[in-house]
Amino acid sequence: MLLSVKVKEEFTGPFTQAMERFEEIAARCGVEPPTVCPLCGRENCDGSAMIKNAYTSVHKSCLERMHQGVSAQAERNLREGSYLSGICGGLAFGILATIPTILSIWFLERIMALLMMLIPLGASYGYKKCNGKRSRAAGPILIILSLASMYFMEYVFIVLTYMRFRSLTMGAALARTLPYLLDPAYWIDITKGAGMELIFLGVAIFASWKTLMETADGDISAAAVSLDTFQGRPTAASAETAADAEGGVVSFGSRIEF
């Protein structure tokens, strides 16, 4: 369980004291903080830090290595990443992510919002997988790729409809429908007829907003926050001294972790 509380600056002192007292009571009741480092999987952590929006036990050396690795990878992406390769990968995976929605509409005759969520997530995965440059422009690019994937899905429905109801082969259906792509009226009709899909895709983009807007600079900042929030734990000697001074009560800082 994680308890997150925002405290105004003027209440930091009293809040810290209250949390230290709470931790002491929790320890007496047998509620102990996690002892395994999430970065290396080993015990004997020498402190705690904020990792992925949760305070947890960790080794400072692991945090430093993570920060160095994330920073190096992010800087490499900003230096060597390519918008072109990212767009190609994002579009390819975005189109692949439309397959479950195509199948659900074709066989079940219904649109499932949960399946539409796969489209922006697939585009994001493909963009990163193909070393797309993760700058601030990446988010808008992924939204455009998600829309492009949805319009491709609509075109696939037209091809399938020609094949099914006009008894055409795939080649004949493609030859009949490809010219439509050059006609602006086609895109207007598609947009008018895809109202539900657009709504569900909008919901999917909103739900995936944090993932779509991730940047290399954001990764560096998140790693830096984890390192900055590190709180070392007192050694056995200092803990014993504190216990003598406080009558046997040892305080391990103002953090709550279960």
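Bear in mind that the values here come from a model prediction, so they are computed numbers and not experimental data.

Asks: I would appreciate a short explanation of the pattern of salt bridges in the present structure.
Replies: Pairs can form between side chains of opposite charge whenever their charged atoms are close. Per the stated rule, a full pass over the model turns up three salt bridges. Between Glu80 and Arg79 there is a salt bridge whose closest N-O contact spans 3.8 Å. Glu214 is the partner of Lys128 in a salt bridge, and the nearest nitrogen-oxygen pair spans 2.8 Å. Taken together, the positions of Lys128 in helix α6 (residues 118–129) and Glu214 in the loop between α11 (209–212) and α12 (216–228) put the pair 86 residues apart, joining distant regions of the chain. With relative accessibility at 31%, the residue Glu214 sits in the partly exposed group.

Asks: What exactly am I supposed to notice about helix α4 (residues 99–108) here?
Replies: For α4, every residue scored as buried is listed here: Thr101, Ile102, Ser104 and Ile105. Taken down its axis, α4 places every buried residue within 165 degrees of arc, on the same side. As for α4, its buried residues are in contact with α5 (113–116), α7 (138–165) and α10 (195–207). Glu109 sits one or two positions beyond α4 and adopts a positive phi of about 55 degrees.

Asks: For this particular structure, what's the right way to read a nonpolar patch on the surface?
Replies: Nonpolar side chains collect at one region of the surface, where Leu96, Ile99, Leu103, Phe107, Leu108 and Met112 lie side by side and expose about 580 Å² of accessible area between them. Top element by residues in the nonpolar patch is α4. It accounts for four residues. Along the chain, Met112 falls in the loop between α4 and α5.

Parameters and conventions
- All residue numbers refer to positions counted from 1 along the written sequence of the respective chain.
- Only residues with pLDDT of at least 70 get local features here, since the model is predicted, and only at 80 or more are side-chain atom pairs given and counted; chain-wide, interface and lining totals rely on the full set of residues.
- Only hydrogens and water are set aside when side-chain values are computed; all heavy atoms of the structure are taken into account.
- In what follows, salt bridge is the name for a side-chain nitrogen of Lys or Arg lying within 4 Å of a carboxyl oxygen of Asp or Glu.
- Under the DSSP-based scheme used, a helix requires at least four consecutive residues in state H or I and a strand at least two consecutive residues in state E, with every element numbered from the N terminus.
- The buried label applies to any residue whose accessible area, calculated with a 1.4 Å probe on protein chains only, is under 20% of its type's maximum; exposed applies above 50%, and partly exposed to all values in between.
- In this context, the arc is that of the directions from the helix axis out to the C-beta atoms.
- Throughout, a contact is declared for two residues whenever any of their heavy atoms are within 4.5 Å.
- Within this analysis, patches are made of residues with over 30% relative accessible area and no salt bridge. Like charges are joined at 9 Å or less; nonpolar side chains (Val, Leu, Ile, Met, Phe, Trp, Tyr) at 5 Å or less.
- Here the Shrake-Rupley method, with its probe set to 1.4 Å, supplies the accessible areas, and only the displayed protein chains count as covering residues.

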